[in-house]
Amino acid sequence: MNVPFLNLKAQYDLIKDEFSPKLEKVMQSSAFAGGPFVEEFEKDFAAFCGCKHAIGVGNGTDALWMALIGLGVGRGDEVITTPSTFIATTEAISFCGADPVFVDVDERTGNMDPVLLPQAITGKTKAIIPVHLHGQAADMAPIMDIANRHNLIVIEDACQAHDAEYNAKKAGTMGAAGCFSFYPGKNLGAFGEAGAVTTDDDQLAATIRMFRDHGQAKKYHHSIIGWNCRMDGIQGAVLTVKLKHLRVWTEGRRKNAALYNSLLRDLDELVLPVEADFARHVYHIYAIRTERRDALLEFLQGKGISCGIHYPVPIHLQEAYRHMGHKAGDFPVAEKLAATTLSLPMFPELSEEQIRYVADAIHEFFRNH
Ligand SMILES: *Cc1c(COP(=O)(O)O)cnc(C)c1O
């Protein structure tokens, strides 16, 4: 049997009839760059998240970058995040002229460890970016509390956490801004690149709306030096159609995760993903941990099962961030997770048969090795 890591076509096949009428409208109106179809999605997504504004942008990296710029983060500032993330989180910090500062993660969740946060704060710290890794919210209450005490901005990297919750609050609605990616493989994915910033702050929303469109409030009248990172009309239309299914897809992922958990629970060699008390995990990634990660990955590949590693090299050990002068051992938990984590196939349409096949193969590996 073949079990792909991700199968976007399975999802497309189930709802493909819903796209044509909507896309036809985009094409008939030629509203390709920003425009009414992006606005429609922005309204729907803000309502879905339970916040005042969603601003559609080019991708998740843009969303992070614009949230930082819109909140006044720039040269000379430090922004605290974790090394257990996709590099876009720190790229956005670097691209607004600020310096990333790392805090190690909680071994159970892979998310920012709030206990370690205070010691990373300096006189230059301006913002904190908790990452809701794999679709599970970081522990926001202590993070917000520390941020408020030190007068720091919190920007949530919710690029993997559409529909995820922290104590019944949606990811992306607790900090000053939430940043989402609609990259095709994310839990809510466009037919190309797209992203959004969520916020309750009218001023920030207005600034980002201007910034994404060359700093203009009125055509050819530019109040600030902005950029071009509008969302495509076609992506707005696709995302409006898909958003209606997101809750059901989330339930599908949670059901699949529960089945994996029940089938793998008896393996002492494995650490299964933990859903924290405060979290509603949306399993963008279902990651198990084992010291024998590389051998297991290879074994599963031989069985036709595609897995992933998210992520093999923590950011502080990436070549791009060599100038920070970090070395192995600086963030031991992040390094341990990077060396042992394995992402199993996970998408809503995964069948029970496929999940059982993956679980059986993992049992076979630990029986024979
Ligand atoms: C995907 C992702 C991003 C970047 O989103 P893009 O749309 O690919 O630019 C940022 N942060 C995290 C944690 C991500 O997973």
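No experiment lies behind these values; they were computed from the predicted model shown.

On to the overall build of the protein chain. Helices and strands together make up the secondary structure of the protein chain, namely 12 helices and 14 strands. With the principal axes as the frame, the protein chain shows a C-alpha extent of 70 × 55 × 35 Å. A total of 369 residues make up the protein chain; the buried ones form 58% of that total. For the protein chain, the share of sequence-separated contacts (at least 6 apart) that also reach a separation of at least 24 residues comes to 69%.

It is worth spelling out the side chain of Gln-11 at this point. For Gln-11, the position within the fold is in helix α1 (residues 8-15). Owing to a relative accessible area of 9%, Gln-11 belongs among the buried residues under this scheme. With residues up to four places along the chain from it excluded, the contact list for Gln-11 reads Lys-242, Trp-249 and Glu-349.

Opposite charge on two side chains lets them pair, provided their charged atoms get close. Enumeration according to the criterion identifies 20 salt bridges in this entry. The closest approach of N and O atoms between Asp-202 and Lys-52, which form a salt bridge, is 3.0 Å. Here the residue Asp-202 occupies a position in helix α7 (residues 202-211), and Lys-52 occupies one in the loop between α3 (36-49) and β1 (53-57), the gap between them amounting to 150 residues. By relative accessible area, Asp-202 is classed as partly exposed at 42%. With a closest N to O distance of 2.9 Å, Lys-303 and Glu-364 form a salt bridge. With a gap of 61 residues between them, Lys-303 in the loop between α10 (293-302) and α11 (332-340) and Glu-364 in helix α12 (residues 352-368) connect regions that are remote in the sequence. The exposure class assigned to Lys-303 is partly exposed, which follows from its relative accessible area of 25%.

The subject of this paragraph is the packing of aromatic side chains. Inspection of the entire model under this criterion finds 17 aromatic pairs. For the ring pair Tyr-12 and Phe-191, a centre distance of 6.2 Å and an interplane angle of 70° mean the geometry is edge-to-face. Residue Tyr-12 is located in helix α1, and its partner Phe-191 is located in the loop between β8 (177-181) and β9 (195-199); the two are separated by 179 residues in the primary sequence. The exposure class assigned to Tyr-12 is partly exposed, which follows from its relative accessible area of 36%. Classification of Phe-191 as partly exposed rests on a relative accessible area of 37%. Taken together, a centroid distance of 4.9 Å and an interplanar angle of 90° make the contact between Phe-45 and Phe-180 edge-to-face. With a gap of 135 residues between them, Phe-45 in helix α3 and Phe-180 in strand β8 connect regions that are remote in the sequence.

It is worth spelling out the nonpolar core at this point. Among the nonpolar cores identified, the biggest contains 33 residues, and Phe-41, Phe-45, Phe-182, Leu-188, Met-231, Leu-239 and Leu-243 are the most heavily contacted of them. Elements with a minimum of two residues in this core: α2 (19-29), α3, α8 (233-243) and α9 (246-264). With seven residues, the single largest contributor to this core is α3. Of the domains in this structure, domain 1 (8-103 + 111-243) and domain 2 (246-368) are the two that each give at least three residues to this core. Tyr-286, Leu-350, Ala-361 and Phe-365 belong to the second-largest nonpolar core, a separate cluster that totals 29 residues.

Turning to the domain arrangement of the protein chain, a few remarks are in order. A common way to report how large an interface is uses the accessible area buried once the components associate. Entries for the protein chain in the domain assignment read domain 1 (8-103 + 111-243) and domain 2 (246-368). Put simply, the middle of domain 1 and the middle of domain 2, counted by C-alpha atoms, are 25 Å apart. Across the boundary between the two partners, domain 1 contributes 38 residues, which contact 29 residues of domain 2. Taken together, both faces of the contact between domain 1 and domain 2 bury some 3,000 Å²; the carbon and sulfur share is 60%. For the interface between domain 1 and domain 2, the tally reads one salt bridge.

For the ligand, the set of nearby residues contains 15 residues, the closest of which are Gly-60, Thr-61, Gln-160, Ser-181 and Lys-186. Take Lys-186: an N or O atom from its side chain is 3.1 Å from an oxygen atom of the ligand. Isolated, the ligand exposes 380 Å² of accessible area, and the fraction of that covered by the protein chains is 94%. Every element with two or more residues in the shell around the ligand is listed here: α4 (60-70) and α5 (88-95). When its residues are assigned to classes, the shell around the ligand shows six nonpolar, seven polar and two charged.

Time to look at the pairing of strand β5 (residues 153-157). Taken across its five residues, β5 has five buried, putting it largely inside the fold. Where burial is concerned, the two faces of β5 agree: the one with Ile-153, Ile-155 and Asp-157 and the one with Val-154 and Glu-156 are both buried. In terms of strand pairing, strand β4 (residues 125-128) meets β5 through two bridges, oriented parallel. Within β5, the residue paired with Ile-128 across the bridge is Val-154. Chirality of the crossover, the property in question, places the unit of β4, helix α6 (residues 140-149) and β5 among those that are right-handed. One ladder, built from three bridges, connects β5 with β8; its direction is parallel. Residue pairing across strands places Glu-156 opposite Gly-178, the latter belonging to β8.

Quick notes on the rules
- All residue numbers refer to positions counted from 1 along the written sequence of the respective chain.
- For this predicted model, a pLDDT threshold of at least 70 governs which residues receive local features, and a threshold of 80 or more governs which side-chain atom pairs are given and counted, while totals over whole chains, interfaces and linings are taken from all residues.
- Only hydrogens and water are set aside; all other atoms, that is, all heavy atoms of the structure, feed into the side-chain values.
- Going along the chain from the N terminus, every DSSP run of H or I of four or more residues is numbered as a helix, and every run of E of two or more is numbered as a strand.
- Three exposure classes are used, based on accessible area relative to the maximum for each residue type with a 1.4 Å probe and protein chains only: buried under 20%, partly exposed in between, and exposed over 50%.
- In this description, contact between two residues means that some pair of their heavy atoms is separated by no more than 4.5 Å.
- Here, a salt bridge means any side-chain nitrogen of Lys or Arg that lies within 4 Å of a carboxyl oxygen of Asp or Glu.
- A pair of Phe, Tyr and Trp rings is counted when the ring centres sit within 6.5 Å of each other, with Trp represented by its six-membered ring. The angle between the planes then sorts it: under 30 degrees is stacked, over 60 is edge-to-face, the rest tilted.
- Residues grouped as a nonpolar core are buried Ala, Val, Leu, Ile, Met, Phe, Trp, Tyr and Cys residues, joined through side-chain atoms within 4.5 Å.
- Start and end positions for the domains come from either an automated domain assignment or a database one.
- Throughout, the accessible surface (probe 1.4 Å) given up by two parts as they are put together, summed over both, is called the buried area.
- It suffices for a single heavy atom of a residue to lie within 4 Å of a molecule or strand for the residue to be listed as near it.
- Any pair of N or O atoms that falls within 3.5 Å is considered a polar contact. Within protein, one atom must be able to donate a hydrogen and the other to accept it, and sequence-neighbouring residues count only if both atoms are side-chain atoms.
- To measure how exposed things are, a 1.4 Å probe is used in the Shrake-Rupley method; for residues, cover is taken only from the protein chains shown.
- Three categories are distinguished: nonpolar for Ala, Val, Leu, Ile, Met, Phe, Trp, Tyr, Cys and Pro, charged for Asp, Glu, Lys and Arg, and polar for the others, with Gly belonging to the last.
- We call two strands paired when DSSP finds no fewer than two bridges between them.
- Here the term right-handed applies to a crossover when the path leading from its first strand over the helix to its second strand runs clockwise, the strands being oriented away from the viewer.

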